[in-house]
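# Structural characterization, general
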Amino acid sequence: MEERKRSIFVVDDEEPIRKVLNTHLSKEGFSVIQTSGGNSVFDTLKNSAFDIVISDIRMPEVDGIRVLEFVKENFDTTPVVMLTGLTDVAVAVEVMKKGAFDFIMKPVKKEELMAVVTRALVNRDLLERNKELEMENREYQLFLEQKVRERTRELNSKAMELQRAYGLLKSMNIQLINVLAETIEAKDRHTSGHCNRMRSLCVELGRLAGLTPEELETIEYASLLHDLGKIGISEAVLNKEGPLTSEECVHIKAHTEIGEKILSGVPLMEPVARIIVAHHEHYDGTGYPRNLAATEIPLPARIIAVVDLYDAMSSDRPYRKGLPLETVLGEMRRVSGAQLDPELVDLFLDNKVYHCNRG
Ligand SMILES: [Fe+2]
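Residues numbered from 1 in each chain as written. Predicted model: local features only at pLDDT ≥ 70, side-chain atom pairs only at ≥ 80, totals over all residues.

## Comments concerning the overall build of the protein chain
This is how it is decided: Secondary structure elements are defined from DSSP: runs of H or I of at least 4 residues count as helices, runs of E of at least 2 residues count as strands, and each element is numbered from the N terminus. With C-beta atoms placed from the backbone, a residue counts as buried when 20 or more other C-beta atoms lie within 10 Å of its own, as exposed when 12 or fewer do, and as partly exposed for counts between those limits.
Across its full length, the protein chain carries 14 helices and 5 strands. Principal-axis analysis of the C-alpha atoms gives the protein chain an extent of 135 × 45 × 35 Å. Counting only residues that meet the buried cut, the protein chain has 30% of its 359 residues in that class.

## Observations concerning the pairing of strand S4 (residues 80-84)
If a strand is regular, its side chains alternate between the two faces of the sheet. Here is the rule: A pair of strands is considered paired only if DSSP assigns at least 2 bridges between the two.
Of all 5 residues that make up S4, 5 are buried, and the element is covered over most of its length. Burial along S4 is two-sided: Val-80, Met-82 and Thr-84 and Val-81 and Leu-83, pointing in opposite directions, are all buried. Alignment of strand S3 (residues 52-56) against S4, held across 4 bridges, turns out to be parallel. From the neighbouring strand, Asp-56 faces S4, where its bridge partner is Leu-83.

## Let's talk about the sheet that holds S3
Defined as follows: Axis lines are fitted to C-alpha atoms, over the contacting stretch for helices. Their N-to-C directions set the angle, which ranges from 0 to 180 degrees.
As summarised here, the arrangement of the 5 strands in space is S2-S1-S3-S4-S5, forming an open sheet in which the pairing is parallel. Each having just a single partner strand, strand S2 (31-35) and strand S5 (102-105) make up the two edges of the open sheet. Neighbour-to-neighbour, the strand axes of the sheet open up by a mean angle of 20°, direction not taken into account. Bridge count for S4 against S5 is 4 bridges, and the pairing is parallel.

## Quick notes on the pairing of S2
Spelled out, the test is: Note on handedness: a clockwise path from strand one over the helix to strand two, with the strands aimed away from the viewer, defines a right-handed crossover.
With 5 bridges joining them, strand S1 (residues 7-11) and S2 adopt parallel strand pairing. Along S2, the bridge assignment pairs Val-11 with Thr-35. Each parallel crossover has a hand, and for S1 linked through helix H1 (residues 15-27) to S2 it is right-handed.

## Describing the nonpolar core
Here is the rule we go by: The term nonpolar core refers to a set of buried Ala, Val, Leu, Ile, Met, Phe, Trp, Tyr and Cys residues connected through C-beta atoms within 7 Å. Any two residues are considered in contact once their C-beta atoms, placed from the backbone, lie within 7 Å.
Formed by 40 residues in total, the largest nonpolar core has its most connected members in Leu-205, Leu-225, Val-272, Ile-303, Val-306, Val-307 and Leu-344. Excluding its chain neighbours within four sequence positions, the residues that come into contact with Leu-344 are Leu-205, Ala-209, Arg-302, Ile-303 and Val-306. Listed in part, the 28 residues of the second largest apolar core include Leu-21, Leu-83, Ala-100 and Phe-101.

## Some words on the domain arrangement of the protein chain
The test is simple: Those domain boundaries reflect an automatic or database domain assignment.
What the domain assignment lists for the protein chain is domain 1 (7-135) and domain 2 (188-357). If you average the C-alpha positions of domain 1 and of domain 2, the two centres end up 96 Å apart.

## Here's the deal with the environment of Lys-170
Relative to the helices and strands, Lys-170 resides in helix H5 (residues 110-187). Note on Lys-170: 11 C-beta atoms within 10 Å, which makes it exposed. Spatially, the C-alpha atoms of Lys-170 and Ala-115 are 81 Å apart, while their sequence positions differ by 55 residues.

## Looking at the packing of helix H12 (residues 299-314) against helix H13 (residues 325-335)
What counts, and what does not: Two helices cross in a left-handed way if the nearer one is turned anticlockwise from the farther one by less than a right angle. They cross in a right-handed way if the turn is clockwise. Under the scheme applied, nonpolar residues are Ala, Val, Leu, Ile, Met, Phe, Trp, Tyr, Cys and Pro; charged residues are Asp, Glu, Lys and Arg; polar residues are all the others, including Gly.
Contact geometry for H12 and H13: axes closest at 10 Å, N-to-C directions at 145°. Seen along the crossing, H12 lies across H13 with a hand that is right-handed. Of the residues in H13, those in contact with Leu-309, Tyr-310, Met-313 and Ser-314 of H12 are Leu-325, Val-328, Glu-331 and Met-332. A per-class count over the contact of H12 with H13 returns 6 nonpolar, 1 polar and 1 charged.

## Considerations on unusual backbone geometry
Pro-107 follows Lys-106 through a cis peptide bond whose omega is -5°. Looking at where Pro-107 falls in the secondary structure, it is placed in the loop between S5 and H5. If you check the backbone angles, Asn-291 has positive phi at about 55° while not being a glycine. Residue position: Asn-291 is located in the loop between helix H11 (270-276) and H12. Residue classification places Asn-291 among the exposed positions, given that 12 C-beta atoms sit within 10 Å. Even without being glycine, Lys-352 reaches a positive phi, approximately 45°. If you trace the backbone, Lys-352 turns up in the segment after helix H14 (342-350). Given 10 C-beta atoms within 10 Å, Lys-352 falls into the exposed group.

## As for the packing of H12 against H14
What counts here: For this classification, under 35 degrees means roughly parallel, over 145 means roughly antiparallel, 65 to 115 means roughly perpendicular, and everything else is oblique.
Two numbers describe how H12 lies on H14: the axes approach to 10 Å, and their chain directions differ by 50°. When the interaxial angle is binned, H12 and H14 end up oblique. Considering how the two elements wind past one another, H12 and H14 form a crossing that is right-handed. Contacts between H12 and H14 involve Arg-302, Ile-303 and Val-306 on the former and, on the latter, Leu-344, Val-345 and Phe-348. Residues of the contact of H12 with H14, tallied by class, amount to 5 nonpolar, no polar and 1 charged.

## Digging into the environment of Met-160
With respect to the helices, strands and loops of the structure, Met-160 is situated in helix H5. For Met-160 and Gly-287, which are 127 residues apart along the polypeptide, the C-alpha to C-alpha distance reads 46 Å.

## Here's the deal with helix H10 (residues 255-264)
Owing to its 3.6 residues per turn, the α-helix brings residues three or four apart onto one side. Note the cut-off: Each C-beta atom gives one direction from the helix axis, and the arc is the one those directions make.
Of all the positions in H10, only His-255, Thr-256, Gly-259, Glu-260 and Leu-263 are classed as buried. An end-on view of H10 places all buried positions within 140° of arc, on one side of the element. At its buried positions, H10 is contacted by helix H7 (213-225), helix H9 (246-253) and H11.

Right, dumping it as structure tokens:
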């Protein structure tokens, strides 16, 4: 590709000077535009692109300082070289401060002129390249920001999709658990509606006891499934009216561990399994199946124990009516600290948790 001819704008009111410059520069292959000055200088500058401006300082109409200021303001990478007479050295220093690239003393010597012009071009090219790089950098920055915005949008929409899928899965999960809970109730006719009542009271008491949202979800499942192991207990024993023999008692007590065994094969249900196996443990260590005491019993299991006792006493059974509320609450107070966690009994009674299931 043929290299573009570099162009130089020469502004000087003295024709002989312009001629000298024109001759030297043209010989070196530059394209030279020259003018004697005046206001047309600004139009010429606006309408053409020059690589260098060489301007006299003292001129009658528009002086070199105004030319310099105009170029600096409008074409910040274009170097301005000032021409000055011997007597103007102080002025020349002044224009350097204002941003001139260099100055050349008159009469102009070719070597000096070419040396300054060469340096001015190198300088200009560096500034131009720098400007280009800054621009590229800015564009790249914008490109990156745009990419980040797009990626964030994509991730947000994926997160929403996941949220929806999780919601669907959760509702399917709870439906399946409800089916299981109903299966247990169908087998044990003493406990109709028990699991669903347990669910809302346990979640409420759990909330008051400070369970996290995740733990509340676990206790919701555990409360519905706490008697899951009754699936493995004979119906004759479950539905027997009247006192149980000691063998029957042992048999029925096995429902805690049977429930644990059924669920422990399902990884997501392991936390639930750990709770349901402990729902007949007593705070004082006299419960079953492992004689755990106090905080050895998982908090959700202690919560289920409180609500389980309340519901067993207060709900109607085929062979008897539910006990009056005062009697139930009195009994809970009586076993607080023995069968039940006293702090949870206090929470249950003080906040009248039992009311949240009425109606
Ligand atoms: Fe139970």
